[in-house]
Each structure stands twice: as structure tokens, then as C-alpha cells.
Amino acid sequence: MGYFISFEGGEGSGKSTVLGLLADSLMNKGYKVVTTREPGGIEIAEQIRNVILDKKNIKMDAKTEALLYAAARRQHLVEKVIPELEKGSIVLCDRFIDSSLTYQGYARGLGMDEVFSINEFAIDGYMPDLTLYFDVSPEIGLSRIQKDGEREVNRLDLESLEFHYKVQEGYQKLLKQFPQRMKIVNAENDIETVVKDALSEVLSFLES
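Anyway, here's the lowdown on the structure attached to this text. What you see is a predicted model, and the numbers here were worked out from it, not measured in a lab.

## Some points on the nonpolar core
Within soluble globular proteins, side chains that are nonpolar generally end up buried alongside one another. By size, the foremost hydrophobic cluster in this structure holds 24 residues, and its most contacted members are Phe4 and Tyr171. Breaking this core down by element, the ones donating at least two residues are helix H3 (62-86), strand S3 (90-94), helix H4 (97-107), helix H5 (112-123) and helix H7 (161-177). Ignoring anything within four residues of it in the chain, the contact list for Phe4 reads Val81, Leu85, Val91, Cys93, Phe96, Met127, Pro128, Asp129 and Leu130. Core analysis: the second largest hydrophobic core is formed by 23 residues, Leu19, Val33, Val194 and Ala198 among them.

Now the structure itself:
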């Protein structure tokens, strides 16, 4: 089996950029790497992503949102993640279950345990072997999004600053709950430092 590594963080944390650069570094070292994202990664899940993140869907109920994420996650897992792990690949995934626990469970107030139970049905016990959490203050993250003309602005980017602080609080709770799996990367540093720190965490995990 390969290794399943997820990348987590608030909006504008830079995790997606770092994931791509980290994948290049690992491939240069001879590792077999596959990159993917949630929601998305495969055609059906990308279609669900479009529904979830469409700025027009402001009436979406929080439970509907949580269920759609879990549905996209299930399809992505069985169609892409599990087959790649079985081939021995290192799968680098931009977001996984922790995003649902934080955004819908904590920030939306559905309850982290309740959202975990929805996802237990979807993931059949598959959890990341390692999760990198890219920590950045909501103000810095959101200001990066405003400056980046090429990045898609989605429905979650338009939430209040208070919502994004709740997301950060939710991640802090998960870090206490899963200290073995989740490692913090200071995402307020310059991109070179963030990539170096993230690579160091991944290599120390792979080599142990």
C-alpha cells in the first residue's frame, strides 16, 4: 500500500500551491506521487464540487452541503484514491474529511461528531496517514485571495470573517484530537520556507 497525505487549511493558506511544489520535489527524489483534490479529483466529484461552490447556491442548507461533500468524497475515494494507494502511490490530497469536520461540523454548527458519522459511512475507515495543516490568520488568507486574480472565488470565500475564524478554531480542536496524524506548518512564512517545512514533515514521515 502507498501513503495517503492530506493538505488542510483555511482559505488562502497556500496549501494547493505548496501541494504542487511538494509533489515535484518528491517525484525528483524518485517517489511515485499522485495529486488530487476534494471536492473533485474525478469527473463525478468535480460535478458535485460545482454545485457546492457555485456562488448562486446561497440557499443551500448546511446539512445538504455536508452530505454533498460526503458523496463527492466517497466517489473520489473508490474511483481514484484507493486504486492509487493499492498501486503503492503516495496520494497528496488537497482537503479530506478534516475540512468537513471543521467547515460544516464546527463553523456551520452541525457538530463535529455528527459530520464525522456521515463521513464514516462514506470513507469505510480510510483516513489520511499524515495531514499537514497550513496555519494562517483569516485576514492574511483572505487578503491573498483578493490579490490573486487567477484564483477562483467560491461560495466559501464570501463567508464572513467570523466564519473563517470559526474554521481556524475548528482546526485547532482537530490538532488536539489527532496530534499523531496532524502536523502544523506555519503558512504565514514566505512560500520557499513553507514548502521546505512541509517537505521536511513529509520526508520525516516517509523515512520513519
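Alright, that's what it looks like, and here's the rest.
## Focus: the side chain of Ser89
Assignment of secondary structure puts Ser89 in the loop between H3 and S3. Side-chain polar atoms of Ser89 contact the side chain of Lys32, separated by 3.4 Å. One polar contact links Ser89 to Glu84, side chain to side chain, over a distance of 2.9 Å. Here Ser89 is in contact with Gly2, Tyr3, Lys32, Val34 and Glu84, once residues within four sequence places are set aside.

## Notes on the environment of Ala23
With respect to the helices and strands, the residue Ala23 is situated in helix H1 (residues 15-28). When its relative accessible area of 2% is taken as the criterion, Ala23 is described as buried. On a C-alpha basis, the gap between Ala23 and Val33 in space is 6.4 Å, while along the polypeptide they are 10 residues apart. Among residues more than four places away in sequence, those in contact with Ala23 are Val33, Thr35 and Leu92.

Analysis parameters
Residues numbered from 1 in each chain as written. Predicted model: local features only at pLDDT ≥ 70, side-chain atom pairs only at ≥ 80, totals over all residues. Heavy atoms only, no water. Core = buried A, V, L, I, M, F, W, Y, C linked by side-chain atoms within 4.5 Å. Buried < 20%, exposed > 50% of the residue type's maximum accessible area, 1.4 Å probe, protein only. Helix = DSSP H or I, 4+ residues; strand = E, 2+ residues; numbered from the N terminus. Contact = heavy atoms within 4.5 Å. Polar contact = N/O pair within 3.5 Å; in protein donor to acceptor, adjacent residues only side chain to side chain.

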